[in-house]
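Structure assessment
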Amino acid sequence: MLSSQQIEALFDSWDIPALGRDYIEHVRSREPARLVGSGRTRNTPERFASQRMGRVIQAESATVEGALVRMCEYDYEILEYWDQPKAVPLVITDRRGRRQRTTHTPDYLIIRATGPTVVECKTRSGAEALTNIRGEDWRFDGNDFSFEPAVSYFSELGISHRVWTPDDRSQLRSSNIDLLLAVRRWPKNDIGEKWRLRITRYLATRMIASISDLHSELHLPDAGVILRGIHDGWLYAPLDLYLLSCPEDGLVALTARDFELGMETLESYRTKSCHPSRSRCIPNLAQASIMIERKKELDGVSEPTRSKRTMRRYKALLRHSNGDVHALLPRPRPGNRLPRLTADHERFLQESISANHTNPVGRSVSASYLLYKNAFDDKKALGELAESDFSVSLNTYAGRLRRRDQESLAFAVGGKRAANSAANPVDRRHASAPTKRPFESAQADHYLGDRALALCSSGNRRFTQRPWVSVLRDSCTGEVLALTVGFRAPGRKVLAELLRDCARRHKRLPESIASDCGSDFESTFYESTLALYGVHKKDRPSGAAQVWRRIGKAIRDTQDIYPMAARWINTQ
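Below is a short write-up of the structure. (Residues numbered from 1 in each chain as written. Predicted model: local features only at pLDDT ≥ 70, side-chain atom pairs only at ≥ 80, totals over all residues. Heavy atoms only, no water.)

If you trace the 4 strands from one edge of the open sheet to the other, you get β3-β6-β7-β10, paired in mixed fashion. Looking at which strands have only one partner, the edges of the open sheet turn out to be β3 (78-83) and β10 (160-164). If you compare each strand with its neighbour and ignore which way they point, the axes differ by 25° on average. Examined bridge by bridge, strand β7 (residues 116-121) and β10 share 5 bridges and lie parallel to one another. The residue bridging C121 from the neighbouring strand is W164, located in β10. (Pairing = 2+ DSSP bridges. Helix = DSSP H or I, 4+ residues; strand = E, 2+ residues; numbered from the N terminus. Axes fitted to C-alpha atoms, helices over the stretch in contact; angles between N-to-C directions.)

Spelled out as structure tokens, the structure:
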């Protein structure tokens with residue numbers, strides 16, 4: 001963080017007005033304007049333990065704001081960054097075109113040597129929707145989005161305003177930055193200089209190499225030397241192309257220019273060595289077996305099992321493809337795909353599904369189908385449907401149900417929890433990158449055992465109680481990092497025992513821990529303890545708690561919990 005003298009010198013170099021200075025000083029001296037959360041949405045809030053800022057930085061979403069926070073933490077050109085700065089009054093235009101006053105809280109205030117910037121984070125789809133709905137306030141110039149009321153307000157303060165939208169590579173870049181930030185906490189030693197000279201001499205002759213090749217050919221003790229070189233800058237690796245935690249995929253070079261030349265060489269070699277006719281498609285095993293069998297029948301190796309017309313078609317395919325055997329691969333031949341139902345019948349069918357199946361009664365498919373069939377007979381008797389229309393079968397009715405949005409159907413029948421269970425998975429382009437390293441991320445949760453344990457007995461009476469099981473599970477390997485069993489309800493003492501058990505077993509803690517929004521996980525003690533040891537805290541979305549179902553299933557599937565609990569009770 002900057003001292004008071006350093007920030008005053010920056011104010012003088014920026015020539016910022018007094019209102020802008022007061023705004024920045026207010027942000028730097030006060031707590032965040034608000035606490036972020038998930039609410040009814042499915043975002044995962046995060047408390048990022050920043051070593052550069054010496055404080056916890058809030059991120060409203062691990063995939064949007066969290067990616068920007070990691071970029072700010074890794075970029076040395078950024079001097080400071082503050083979350084949830086002071087709210088400002090704005091005059092906006094609503095979707096009906098009416099002007100109204102409101103308050104606006106930006107996401108971050110970023111301070112560089114070139115000047116301060118206020119940043120608003122939006123997904124690209126969300127920003128595009130705002131430009132369509134509120135086009136007078138939100139603009140798109142072909143490259144960047146802008147929020148015009150905020151731009152005009154902060155321009156009077158001498159502060160620039162920017163709308164930041166993540167791209168398709170943001171999650172890959174964020175995962176690599178997480179790894180390099182972990183490298184930043186490693187202690188430095190003099191042995192690394194010896195390996196640095198070897199790596200430099202090796203890459204000077206080969207220009208580009210993978211992390212796995214460097215590790216195996218130079219007999220490095222581990223990949224830590226290479227990662228340290230990428231962090232310190234004497235090795236170059238693009239953070240948005242390859243995952244550094246996968247040594248076989250990650251490529252490094254001495255400079256960015258060497259990396260570009262090496263990639264051009266690899267592309268030219270790949271183009272010359274690959275035959276274009278052989279790279280048309282890569283069949284699976286079933287398709288390849290059919291292709292080989294057809295070729296054998298054409299060559300006379302096996303007896304033909306198809307008609308002469310089909311054999312002539314196979315020969316024509318080979319002739320037109322210049323003998324490429326891939327032409328014999330099976331291809332889908334769809335038939336007549338025109339709908340058989342009339343427009344009135346299709347409309348009535350959809351209305352029947354909405355009326356009979358999307359209600360809290362929770363009818364089965366067969367029950368709602370019978371209601372549809374009876375209503376269809378009544379409508380046809382009244383002449384509201386054509387004489388050529390016939391009621392669809394049960395399979396067709398069930399198929400129409402499967403085409404409907406399952407999340408909205410489940411919400412109408414069973415509410416929000418049922419809708420979360422039936423929701424489609426998140427698009428991988430917008431989801432967090434999967435964990436590839438142990439201790440990169442872990443999940444913590446509590447579970448009240450479904451079996452009662454015998455504590456003691458007095459005469460014919462036996463005193464039993466169900467134990468609480470607390471588990472810390474690694475997201476990459478699925479292994480249980482720490483486990484505590486007791487009869488005390490979950491609280492800060494249980495969480496302290498869980499973290500201590502992990503530290504005793506593995507001599508370290510995970511880089512981030514995800515948990516639900518229970519009172520014990522939201523306590524000041526728990527958040528302060530994680531921040532003290534540099535562990536990032538992620539909150540599972542309270543509006544869609546069932547999207548994190550794996551940790552609960554892992555606890556229930558653990559077969560050795562009860563023998564472990566019994567051994568624990570016998571030692572007390």
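This paragraph deals with the state of the cysteines. Counted by the stated rule, this structure contains 0 disulfides. C476 carries a free sulfur, and the closest cysteine sulfur to it, the one in C246, is 9.4 Å from it. Look at C476 and you get partly exposed, because its relative accessible area is 30%. (Disulfide = S-S within 2.5 Å. Buried < 20%, exposed > 50% of the residue type's maximum accessible area, 1.4 Å probe, protein only.)

Below, the discussion takes up the packing of helix α13 (residues 343-356) against helix α15 (residues 394-403). The description of two helices packed together rests on the angle between their axes and the distance between the axes. α15 packs onto α13 with a crossing angle of 70° between their chain directions and a minimal axis gap of 11 Å. Taken as axis vectors, α13 and α15 run roughly perpendicular relative to one another. In contact with E346, L349, Q350, S352 and I353 of α13, α15 contributes Y397, R400 and L401. Here the contact of α13 with α15 is composed, by residue class, of 4 nonpolar, 2 polar and 2 charged. (Parallel < 35°, antiparallel > 145°, perpendicular 65-115°, else oblique. Contact = heavy atoms within 4.5 Å. Nonpolar A, V, L, I, M, F, W, Y, C, P; charged D, E, K, R; others polar.)

With 67 residues, the main nonpolar core has Y81, Y108, I199, L214, I226 and L244 as its most contacted residues. Once you skip the residues sitting within four places of it in the chain, I226 turns out to touch I199, I211, L214, H215, L220, L235 and V252. In this structure, L481, A482, C502 and Y526 belong to the second largest nonpolar core, which totals 16 residues. (Core = buried A, V, L, I, M, F, W, Y, C linked by side-chain atoms within 4.5 Å.)

Applying the stated criterion to the full structure yields 27 salt bridges. Ionic pairing is found between D539 and R47, a salt bridge with its closest N-O pair at 3.9 Å. One end of the pair, D539, is in strand β19 (residues 536-539); the other, R47, is in strand β1 (residues 46-50), with 492 residues separating them in the sequence. The exposure class assigned to D539 is buried, which follows from its relative accessible area of 4%. (Salt bridge = Lys/Arg side-chain N within 4 Å of Asp/Glu carboxyl O.)

Turning to empty space enclosed by the protein, a few remarks are in order. Tallying each qualifying case throughout the model produces 1 cavity of 30 Å³ or more. One number sums up the size of the largest cavity: a volume of about 80 Å³. Taken together, F48, A49, Q51, E73, D178, L181, A182, R185, E511 and H536 make up the full set of residues lining the largest cavity. Elements supplying a minimum of two residues to the lining of the largest cavity: β1 and α6 (170-184). Of the residues forming the lining of the largest cavity, the biggest block, 3 residues, is contributed by α6. Among the residues making up the lining of the largest cavity, the classes are represented as 4 nonpolar, 2 polar and 4 charged. (1 Å grid on protein atoms, 1.4 Å probe; cavity = no way out; pocket = protein on both sides within 12 Å on 5 of 7 lines; lining within 4 Å. Points joined across faces, edges and corners; volume = space filled by probe spheres on them.)

This next bit is on unusual backbone geometry. Even without glycine at this site, M207 takes up a positive phi of about 75°. In this fold, M207 is placed in the loop between α7 (191-206) and β11 (209-210). Despite not being glycine, K507 shows a phi value in the positive range, around 60°. Looking at the secondary structure, you find K507 in the loop between α18 (492-506) and β18 (512-515).

Right, let's get into the packing of α13 against helix α14 (residues 365-381). Where α13 contacts α14, the axes come no closer than 10 Å and their chain directions differ by 135°. Considering the angle they form, α13 stands oblique to α14. Helix-helix and strand crossings are classified by hand; for α13 and α14 the assignment is right-handed. Contacts between α13 and α14 pair H345, F348, L349, S352 and N356 from the former with S368, L371, Y372, A375, F376 and K379 from the latter. Looking at the contact of α13 with α14 residue by residue, the class counts come to 6 nonpolar, 4 polar and 1 charged. (Left-handed = near helix turned anticlockwise from the far one by under 90°.)

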